[in-house]
Amino acid sequence: MERIGQHLSYANVAATLALVFAMSGGAIAATGGFTTASSSIKACVGGNGVLKVLKGKKCKGGQKAVSWSQKGPAGAKGATGATGPSGIAGLNGAPVPSATTAQTANNALALGGVPASGFTRSDCASTTGQIKGFAMVPASTPQEFVPVNPSYNCSGQPVEVESLEAGTGFYVVRFDGNPAEIAMATGIGRPADFPVVVSVELEAPGEWEVWTADSGSIRPEPFELLVP
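Residues numbered from 1 in each chain as written. Predicted model: local features only at pLDDT ≥ 70, side-chain atom pairs only at ≥ 80, totals over all residues. Heavy atoms only, no water.

### As for the pattern of salt bridges
Which entries qualify depends on this criterion: Salt bridges are defined by distance alone: a side-chain nitrogen of Lys or Arg within 4 Å of a carboxyl oxygen of Asp or Glu. Each helix is a run of H or I in the DSSP string that is no shorter than four residues. Each strand is a run of E no shorter than two, and both are numbered from the N terminus. We call a residue buried when its accessible area falls under 20% of the maximum for its residue type, exposed when it is over 50%, and partly exposed in between, using a 1.4 Å probe and counting protein chains only.
Within this structure, the stated rule accounts for 4 salt bridges. Across the salt bridge formed by Arg 174 and Glu 160, the nearest N and O atoms sit 2.8 Å from each other. Highlighted residues: Arg 174 in strand β10 (residues 170-175) and Glu 160 in strand β9 (residues 159-163), separated in sequence by 14 residues. Arg 174 is the partner of Asp 176 in a salt bridge, and the nearest nitrogen-oxygen pair spans 3.7 Å. Judged by its relative accessible area of 26%, Arg 174 falls in the partly exposed class.

### Things to note about the sheet that holds strand β11 (residues 184-187)
Paired through backbone hydrogen bonds, the strands of a sheet run either parallel or antiparallel to each other. Stated precisely, the cut-off is as follows: By the convention used here, strands pair only if DSSP detects at least 2 bridges between them. Angular values range over 0 to 180 degrees, each being the angle between N-to-C directions of two axes fitted as lines to C-alpha atoms, with helices fitted over their stretch in contact.
The strand order across the open sheet built from 4 strands is β8-β6-β15-β11, with neighbouring strands paired in antiparallel fashion. Sheet topology places β8 (151-153) and β11 at the edges, where each strand pairs with a single neighbour. Adjacent strand axes in the sheet meet at a mean angle of 20°, parallel and antiparallel pairs treated alike. With 5 bridges joining them, strand β6 (residues 133-137) and strand β15 (residues 223-227) adopt antiparallel strand pairing. Following the sheet pairing, Phe 134 is matched in β15 by Leu 226.

### Thoughts on the packing of aromatic side chains
Note the following rule: By convention, a stacked pair of Phe, Tyr or Trp rings (six-membered ring in the case of Trp) has centres within 6.5 Å and planes under 30 degrees apart, an edge-to-face pair has planes over 60 apart, and any other such pair is tilted.
Taken as a whole, this structure holds 3 aromatic pairs when the rule is applied. Taking the centre distance of 5.2 Å and the plane angle of 55° together, the rings of Tyr 171 and Phe 223 count as tilted. In this pair, Tyr 171 sits in strand β10 while Phe 223 sits in strand β15, placing the two residues 52 residues apart along the sequence. Residues Tyr 171 and Phe 223 agree in their burial class; the two are buried.

Pasting the structure below:
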């Protein structure tokens, strides 16, 4: 032990401790403590093999600077993660339709954006209360069938009128293709004190004979015919 003690010196002890800490990954900070932060570790290696740990100082002549703050190369890109869960399913597992594929959306586009409630059925078989036709007949009418305007016919076919006798109030009004057998008529443009008497008689489905009278005499008067 005395022989060993004779060869011990401060330099030998310091070199041995520095080597041990360098191999173990630790470092002695300039303050005398320990640190594991690689950004703050620098060392100088002298010609005699002594490893000296410094912080914020430069190596002296003949010493080689070594730093532990360098980063290694970037690692390879990881594998792609698993696919996420699908969207919520509709009733009975059916997919939920989007606004562009839903049938109601397609119908709205076909109707020009007008809701279906804004339309009525134009057919003569409907029993929902809409009218099946109307006609506004002028007083002067030729003795042959001519179109009536304005008018409406649930069948989509023309509405026509003719005068049975020139200068008299006898007319025939027909709604082509209309199966209706009920019609109502009223005079147009006369005050309530001097109303025009209008009579209607069914000739065939969609066809009526109409005559107009004023002050007890049959004479031409404008009238309107309504087919409910």
